[in-house]
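Listed here are the chains, written in short residue letters.
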Amino acid sequence: MAPERESTQGRERASAGSSAASRPPRTRLDQPRPPRRRILPEWDPEAFGRLSERIARFLGTGRFIVWMTVVIILWVVWNIAAPGGMRFDTYPFIFLTLMLSLQASYAAPLILLAQNRQDDRDRVNLEQDRKQNERSIADTEYLTREIASLRIGLGEVATRDWIRSELQDMLKELEERRDGHRPEGGVFPADRPAGRDVPDR
């Protein structure tokens, strides 16, 4: 029985070793993956967008129109006036038409790409302006509430004229008490109700 058990254990170990050898190696999580090969060429979209904006800005200037007009005129004049062996695009100038069509087919997508980038920038600027306007409105409302509370508080503050009238009344009362006789009506000013709502005497 013991030799059979040993042989079965040996077979299990051999099969476990072969299955471990046939298993693919584990990928390590602490290391970045190796870069994959791509069929299409890679480019920086931001750099390409900046280049397209430069080209679109140049296409929209008078300098480009002048240079293109000069090139077309030279092209046509050369292919009409030059000797027969030196002409490379005879009438009806098919090669010139092809070049202008190629230039137009590239110019339109570049201009659209530049417009899309400009739209993205305008959208970001509008969002920032909207947030700035919201903050300005909130600050204005806060200042309005503060000014209203200050006006309410100033309504309860004693004014200079009211204090002066009260001091004059007290001075008159002290003088009358010093003289020892009561004023007309038999009521001292201190005995009358005081306050800002009482009309000045």
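Residues numbered from 1 in each chain as written. Predicted model: local features only at pLDDT ≥ 70, side-chain atom pairs only at ≥ 80, totals over all residues. Heavy atoms only, no water.

A. Examining the overall build of the chain more closely. Summing up its helical and strand segments, the chain has 5 helices and 0 strands in all. Counting only residues that meet the buried cut, the chain has 11% of its 201 residues in that class. Restricting to contacts in the chain with at least 6 residues of sequence separation, those with at least 24 account for 55%. Summed over all atoms, the accessible surface of the chain reaches about 17,900 Å², with 61% contributed by carbon and sulfur. (Helix = DSSP H or I, 4+ residues; strand = E, 2+ residues; numbered from the N terminus. Buried < 20%, exposed > 50% of the residue type's maximum accessible area, 1.4 Å probe, protein only. Contact = heavy atoms within 4.5 Å. Areas by Shrake-Rupley, 256 points an atom, 1.4 Å probe, with all protein chains shown as cover.)

B. Local environment of helix α2 (residues 45–59). Helix length check: α2 (15 residues) gives 21 Å between terminal C-alpha atoms against 21 Å at 1.5 Å per residue, within 8%. Buried residues of α2: G49, S52, E53, A56 and L59, and no others. Looking straight down α2, one finds that the buried residues subtend no more than 125 degrees of arc, so they occupy a single side. Away from the buried face of α2 by more than 90 degrees, exposed residues R54 and R57 are located. Where α2 is buried, its residues touch α3 (62–81) and α4 (94–155). (Expected span 1.5 Å × (residues − 1). Arc of directions from axis to C-beta.)

C. Spatial organisation of the packing of aromatic side chains. The tally for this structure, following the rule as stated, stands at 4 aromatic pairs. Ring centres of F58 and F64 lie 5.6 Å apart, and the angle between their planes is 70 degrees; this geometry places the pair in the edge-to-face category. Taking relative accessible area as the criterion, F58 reaches 38% and is therefore assigned partly exposed. Ring plane angle 75 degrees and centroid distance 5.0 Å describe the contact between W75 and F88, whose orientation is recorded as edge-to-face. Taken together, the positions of W75 in helix α3 and F88 in the loop between α3 and α4 put the pair 13 residues apart, joining distant regions of the chain. Connected via pairs of aromatic rings, a cluster forms that spans W75, F88 and F95. (Phe/Tyr/Trp six-rings, centres within 6.5 Å; stacked < 30°, edge-to-face > 60°.)

D. Representation of the confidence of the model for the chain. In this model, the chain carries an average pLDDT of 78, and 75% of its residues clear a pLDDT of 70 or more. Model confidence for the chain, summarised as mean pLDDT per element, is weakest for helix α1 (residues 2–22) at 54 and strongest for α3 at 90. (pLDDT = per-residue confidence, 0-100.)

E. Inspection of the pattern of salt bridges at higher detail. Taken as a whole and judged by the stated rule, the model has 9 salt bridges. Close ionic contact of R57 with E53 constitutes a salt bridge, the shortest N to O distance being 3.9 Å. Taken as a pair, R57 and E53 lie in helix α2 at a separation of 4 residues, close to a single helical turn. Residue D179 pairs with R178 through a salt bridge whose shortest N-O separation is 3.9 Å. The exposed category is assigned to R178, whose relative accessible area is 67%. Here the salt bridges share partners, and the residues they tie into one network are E46, E53, R57, R117 and R121. (Salt bridge = Lys/Arg side-chain N within 4 Å of Asp/Glu carboxyl O.)

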